[in-house]
Amino acid sequence: MNVAILGSTGSIGTQALDVARRHPDKLRIIALAAHSSSEALVQQAHEFQVKRLVLGDREQRDNVALAQLPQDVRVDFGLEAIEELCQIEGVDMVLNALSGAVGLRASYRTLTSGKKLALANKESLVVGGDLLMPLVCKDSLLPVDSEHSAIFQCLLGEDDKTVSRLWLTASGGPFRGRTREQLASVTREQTLAHPTWKMGPKITVDSATLMNKGLEVIEAFHLFGLDYDHISVVVHPQSCIHSMVEYCDGSVKAHLGVTDMRIPIQLAFSYPQRWQAPVEPLDFTQLGALSFEPADEKTFGALALAKEAGRQGGTMPAVLNAANEVAVQSFLNETCGFLDIERIVEQVMLRHDVQSVCSLEQLEQVDGWARTTAEDFLRAL
Ligand code: NDP
Ligand code: MG
């Protein structure tokens, strides 16, 4: 299978390349895209003999690293070039591992071009699920997010009408059990030390605020078609159960495995087959206790805000997401506090009148408005 990897230099992208390294007989990487990590992209192109590259950042045009590429390698720049990569002839599947709403157009273009989409970029669905889901036909969208890959697998062979609830598991993040008073003073460094998953900076902050779980609830709503009353979150600190599906007869199917994103990434590539695991399987004799507790939405307000945005629907999740992206970046730049993230998201949401989603241009316009409004609030802090 010929694959294009968008966001190849990030956490998911590099793990996807490791899967490709282990299965050279099954996967051929034919296109790669990143934002500004020119040196890493060039190194990946050498290793995997890739002839089509894109850097989203046009400033990279003169980067000396690019001069080392063989003559027959084509490098393009800008977001439009990333969209073009999604539809080039010969690509069978696009792994969208970009970070943020910037990934929406790539997801859209992949599906309209009739290619398969392995989707890590959850923001695509949060923002544009109303536009993307009507484009999905049987198995053309394979979820990479571990919870959604787990649910996808629990649903195999079942009748959708018999599903009564989806249970999304959450690790609880590095600040599980803290009070709001304690959260007010947590630092960037403490936030980036996630207990179970090693991920890019944006999703790591989202995991600490529980916004990530909120985005995942919206993602599950679009992917699996259950309403918000039937999608629940449970904190499970060991992250051993990746999610669960409850059926009308009281049976619950759970997906378990080690916490290694290469497993769901690989399944998106291999489905409907399964390939050799990249890691040792779980040893249940060594596992010890698994525990569960409700999510504390009073302390971690971002989860409640995301559910509210999902329930309101239309353009509200796009507003939530854009405000969150701006606030998280500000927190990473150490120009706002941890609790300011949810405050800003809430304030921006309050100022938005929901519209039903009709086009990518509309969503981008709403996204732009939410970013500017969030920046205004940040300046006023
Ligand atoms: P990273 O920040 O590690 O990587 C992001 C990648 O996208 C990098 O290759 C980056 O390039 C590229 N990129 C970002 N912005 C642009 C842009 N404007 N144009 C072109 N390329 C861009 O993120 P993660 O890998 O952690 O996450 C990727 C997605 O997967 C997110 O949506 C996240 O929510 C989701 N996800 C991640 C999980 C994980 O374990 N990491 C788990 C589940 C979901 P550059 O290096 O040049 O900046
Ligand atoms: Mg996840």
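Quick look at the structure, then.

Cut-offs applied
Residues numbered from 1 in each chain as written. Chains lettered and ligands numbered in written order. Predicted model: local features only at pLDDT ≥ 70, side-chain atom pairs only at ≥ 80, totals over all residues. Heavy atoms only, no water. Pairing = 2+ DSSP bridges. Helix = DSSP H or I, 4+ residues; strand = E, 2+ residues; numbered from the N terminus. Axes fitted to C-alpha atoms, helices over the stretch in contact; angles between N-to-C directions. Contact = heavy atoms within 4.5 Å. Near = heavy atom within 4 Å. Polar contact = N/O pair within 3.5 Å; in protein donor to acceptor, adjacent residues only side chain to side chain. Areas by Shrake-Rupley, 256 points an atom, 1.4 Å probe, with all protein chains shown as cover. Nonpolar A, V, L, I, M, F, W, Y, C, P; charged D, E, K, R; others polar. Donors = N, O, S within 2.8 Å, 3.2 Å for Na, K, Ca; no water. Buried < 20%, exposed > 50% of the residue type's maximum accessible area, 1.4 Å probe, protein only. Core = buried A, V, L, I, M, F, W, Y, C linked by side-chain atoms within 4.5 Å. Parallel < 35°, antiparallel > 145°, perpendicular 65-115°, else oblique. 1 Å grid on protein atoms, 1.4 Å probe; cavity = no way out; pocket = protein on both sides within 12 Å on 5 of 7 lines; lining within 4 Å. Points joined across faces, edges and corners; volume = space filled by probe spheres on them. Right-handed = clockwise from strand over helix to strand, strands pointing away.

## Overview of the sheet that holds strand S6 (residues 116-119)
Phase 1: Strand order in the open sheet formed by seven strands is S4-S3-S2-S1-S5-S6-S7, with parallel pairing between adjacent strands. Both edges of this open sheet fall to strand S4 (74-77) and strand S7 (141-143), since each of them pairs with a single strand only. The average angle at which neighbouring strand axes cross in this sheet is 20 degrees, direction not considered.
Phase 2: Lying over the sheet, helix H2 (residues 38-48) contacts strand S2 (28-34) and strand S3 (52-55), oriented at roughly 175 degrees with respect to S2.

## Examining the site of ligand 1
Phase 1: Around ligand 1 sit 26 residues in total, of which Thr 9, Ser 36, Ser 37, Glu 123 and Gly 200 are the nearest.
Phase 2: In this structure, an oxygen atom belonging to ligand 1 sits 2.6 Å away from a side-chain N or O atom of Ser 37.
Phase 3: For ligand 1, whose free accessible area comes to 900 Å², the fraction covered by protein is 87%.
Phase 4: For the shell around ligand 1, the secondary-structure elements that each account for two or more residues are helix H1 (11-22), helix H5 (122-132) and helix H9 (201-209).
Phase 5: Partitioning the shell around ligand 1 into residue classes produces 11 nonpolar, 12 polar and three charged.

## Here we look at the coordination of the magnesium ion (ligand 2)
Phase 1: Looking at the metal site, the magnesium ion (ligand 2) is ligated by Asp 145 (OD), Glu 147 (OE) and Glu 216 (OE), spaced 2.1 to 2.2 Å from it.
Phase 2: Mapping the donors of the magnesium ion (ligand 2) onto the primary sequence gives the spacing D-x1-E-x68-E. Taken together, the residues span a long stretch of sequence, with Asp 145 in the loop between S7 and helix H6 (146-154) and Glu 216 in helix H10 (residues 211-224) at a distance of 71 residues. Across the pair, Glu 216 and Asp 145 agree in class, each one buried.

## Digging into the nonpolar core
Phase 1: Within the largest apolar cluster, 108 residues are counted, with the highest numbers of intra-cluster contacts made by Ile 29, Leu 95, Leu 166, Phe 269 and Leu 320.
Phase 2: Ranked by residue count, the leading element in this core is helix H14 (residues 316-332), at 11 residues.
Phase 3: When residues no more than four places from it in sequence are discounted, the contact partners of Leu 95 are Ala 4, Ile 5, Leu 6, Ile 12, Ala 16, Ala 118, Val 144 and Phe 269.
Phase 4: Leu 6, Ile 30, Ala 81 and Cys 86 belong to the second-largest nonpolar core, a separate cluster that totals 15 residues.

## Observations concerning the packing of H5 against H14
Phase 1: Contact pair H5 / H14: the axes reach a minimum separation of 7 Å and the direction vectors enclose 140 degrees. Accordingly, the angle class assigned to the pair H5 and H14 is oblique. In this structure, H5 uses Glu 123, Val 126 and Val 127 to contact H14, whose residues at the interface are Pro 317, Ala 318, Asn 321 and Glu 325.
Phase 2: Along the lines of polarity and charge, the residues of the contact of H5 with H14 split into four nonpolar, one polar and two charged.

## Topic: empty space enclosed by the protein
Phase 1: Going through the model one piece at a time under the given rule, you end up with one cavity of 30 Å³ or more.
Phase 2: Estimates place the volume of the largest cavity at around 40 Å³.
Phase 3: Considering the residues around the largest cavity, the lining is formed by Leu 183, Thr 209, Phe 300, Phe 338, Leu 339, Ile 341 and Glu 342.
Phase 4: Its residues assigned to classes, the lining of the largest cavity shows five nonpolar, one polar and one charged.

## Topic: the pairing of S6
Phase 1: Pairing of strand S5 (residues 93-96) with S6 involves four bridges; the strand directions are parallel. If you follow Met 93 over to S6, its bridge partner there is Lys 116.
Phase 2: The handedness of the S5 to S6 crossover, carried by helix H4 (residues 104-112), is right-handed.
Phase 3: Sheet analysis places S6 next to S7, joined by three bridges and oriented parallel.

On their own, these measurements won't tell you what the molecule is for.
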